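Close look at the chain arrangement
These are the residues of each chain, in order.
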Amino acid sequence: MKRLKNIFLLALTGLCLGNCERDDICAQETSTTPRLILEFYDITNQDQLLSVPAMTVYADDPDIPVPETDNISGAILIEPFESSRLFNLTTNIAKPPLFVGEEGVSITRRYVFERRTDLRLDADPETSSNTDIIEITYIPEYVYVSRACGYKSIFTNLRIEVIQDGDNWILGTEFNNEDNTDNITVENENATHINIFH
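Note that this is a predicted model, so its numbers are computed, not measured. Counting of residues starts from 1 at the beginning of each chain's written sequence and follows it residue by residue. Whole-chain, interface and lining totals are the exception, using all residues; otherwise, since this is a predicted model, local features are given only for residues with pLDDT of at least 70 and side-chain atom pairs are given and counted only at 80 or more. Here the side-chain values reflect all heavy atoms present in the structure, with hydrogen atoms and water set aside.

**What to know about the state of the cysteines**
Disulfides are defined as pairs of cysteine sulfur atoms found within 2.5 Å of each other. The final tally for this structure, using the stated rule, is one disulfide. Covalently, C26 is tied to C149 through a disulfide, its sulfur atoms 1.8 Å apart. In this structure, the disulfide formed by C26 and C149 twists by about 105 degrees around the S-S bond and is classed as right-handed. Linking C26 in the loop between α1 (2–18) and β1 (38–41) with C149 in the loop between β6 (130–146) and β7 (150–163), this pair joins segments that are 123 residues apart in sequence. Throughout, exposure labels follow a simple rule: accessible area from a 1.4 Å probe, protein chains only, divided by the maximum for the residue type, with under 20% read as buried, over 50% as exposed, and the rest as partly exposed. What makes C26 partly exposed here is its relative accessible area of 31%. Helix and strand assignments follow DSSP, with helices taken as H or I runs no shorter than four residues and strands as E runs no shorter than two, numbered in order from the N terminus.

**Quick notes on the packing of aromatic side chains**
Aromatic rings from Phe, Tyr and Trp, taking only the six-membered ring of Trp, are treated as a pair when their centres fall within 6.5 Å; an angle between ring planes under 30 degrees marks them as stacked, one over 60 as edge-to-face, and anything in between as tilted. If you walk through the whole model with that rule in mind, you get five aromatic pairs. Between Y41 and F197, the aromatic rings sit 6.1 Å apart at their centres with planes inclined by 45 degrees, giving tilted as the arrangement. Taken together, the residues span a long stretch of sequence, with Y41 in strand β1 and F197 in strand β10 (residues 194–197) at a distance of 156 residues. For the pair shown, Y41 and F197 are each scored as buried. Residues Y138 and F155 carry aromatic rings whose centres are separated by 5.2 Å and whose planes lie at 85 degrees to one another, so their mutual orientation is edge-to-face. With Y138 in strand β6 and F155 in strand β7, this residue pair connects regions lying 17 residues apart in the sequence.

**Focus: a nonpolar patch on the surface**
On the surface, V100, Y142, Y144 and Y151 cluster together into a nonpolar patch covering about 430 Å² of accessible area. Structurally, the position occupied by Y144 is in strand β6. Each patch is assembled from residues with relative accessible area greater than 30% and no salt bridge, linking like charges that lie within 9 Å and nonpolar side chains (Val, Leu, Ile, Met, Phe, Trp, Tyr) that lie within 5 Å. Where accessible areas are quoted, they stem from the Shrake-Rupley method and a 1.4 Å probe; at the residue level, only the protein chains shown are allowed to cover. A pairing counts as a salt bridge when a side-chain nitrogen of Lys or Arg comes within 4 Å of a carboxyl oxygen of Asp or Glu.

**Looking at the side chain of T117**
Here T117 shows up in helix α2 (residues 117–121). Among the polar contacts made by the side chain of T117, one reaches the side chain of T56 at a distance of 2.7 Å. If sequence neighbours within four positions are ignored, T117 has contacts with A54, M55, T56, F87, N88 and S129. Polar contact is the term for a pair of N or O atoms within 3.5 Å; when the atoms are in protein, one must be able to donate a hydrogen and the other to accept it, and sequence-neighboring residues count only if both atoms are side-chain atoms. Whether two residues touch is decided by their heavy atoms; if any such pair falls within 4.5 Å, the residues are in contact.

**Quick word on the pattern of salt bridges**
Under the defined criterion, the tally for this structure stands at six salt bridges. Here D60 makes a salt bridge to R110, at a shortest N to O gap of 2.9 Å. Of this pair, D60 sits in the loop between β2 (52–59) and β3 (89–91) while R110 sits in strand β5 (residues 107–115), and the two are 50 residues apart along the sequence. A residue is classified by how much of its surface remains accessible, and D60, at 33% relative accessible area, is partly exposed. The class for R110 is partly exposed, based on a relative accessible area of 31%. The partner of R116 in a salt bridge is D118, with the nearest N and O atoms 2.9 Å apart.

**Quick look at the sheet that holds β10**
The mixed open sheet is built from four strands, whose spatial order is β4-β1-β10-β8. Strands at the two margins of the open sheet, each flanked by one partner only, are β4 (93–94) and β8 (172–175). Two strands are counted as paired when DSSP detects at least two bridges linking them. Pairing of β1 with β10, which is carried by four bridges, proceeds in the parallel orientation. Across the sheet, L38 pairs through a bridge with I194, a residue of β10.

**Some remarks on the sheet that holds strand β9 (residues 184–186)**
The sheet built from six strands is open, its strands ordered β3-β2-β5-β6-β7-β9 with antiparallel pairing. Pairing within the sheet leaves two strands with one partner each, and these edge strands are β3 and β9. Taking each pair of neighbouring strands and ignoring which way they run, the sheet shows an average axis angle of 45 degrees. The convention used is that axes are lines fitted to C-alpha atoms, helices contributing only their stretch in contact, and that angles between N-to-C directions extend from 0 to 180 degrees.

**Here we look at the nonpolar core**
In terms of nonpolar packing, the biggest core is built from 28 residues, with M55, F113, I136 and L158 touching the most fellow members. Within the residue set of this core, elements represented by two or more residues are β1, β2, β5, β6, β7, β9 and β10. Excluding anything up to four places from it in sequence, I136 contacts L36, L98, I107, T108, R109, Y111, L158, R159 and I160. Among the buried residues, those of types Ala, Val, Leu, Ile, Met, Phe, Trp, Tyr and Cys that are joined through side-chain atoms within 4.5 Å form a nonpolar core.

**Focus: unusual backbone geometry**
In this structure, N88 takes a positive phi of about 55 degrees despite not being glycine. Here N88 is to be found in the loop between β2 and β3.

As C-alpha cells, this is what we get:
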C-alpha cells in the first residue's frame, strides 16, 4: 500500500510539472506597457543632453496635490513599482506614464514640468520655480504578448504640445523618429521618444 501511495505521489508531481509550459511565466525582460521617454537637450547645442535643475514632474490634475516632499508625493515614479519619485531632482530624463483607457479612443493627459522646485520649497518669498505644462494626446491600442503576460498597451498617434504661458523654460520639442512625422507610436522603452529643448 505504501508503495502504491509513493507511485501515486510521484505520478501526480510529474503530471503537475509536465503541464507547466514556458508561456506560463511572464519573463521579466518581456516588453510590457511602456512609459513615454523624454530626454532634455540644450537649445543652443541640440545634440548635447542638458540636465534640468531640481525638476519635479506630476500630473496636471486637481485631485493630485502639488508635491511638497518626496515621501508622499504626486510626482511620477522614476521607475515603476519603486518608491523614488521625480521630485526636486536634477536629471536629463523623465518617463511619465500614459493612462491606459478605452482602446481606439483619443486621450489627452497634461503633465506639469517644474524647473527649480527647490526655489518653491525654500523660505524666500522672492524666489519661485518655473512650471510648464505639456499636453500629450494619443490613442491606446491593445497588443497580445503571450498567455502568461496577457496584453500590453501601445500608444499610437502620439502628439505633444507645450502650453504657452509667457515664461516657458521648455523652448521646443522634437519626436525622436527617423521619418520626422508630427506624431509617433510608443511601443516600448528601448529608445527616447521625444527630445525636449531648454
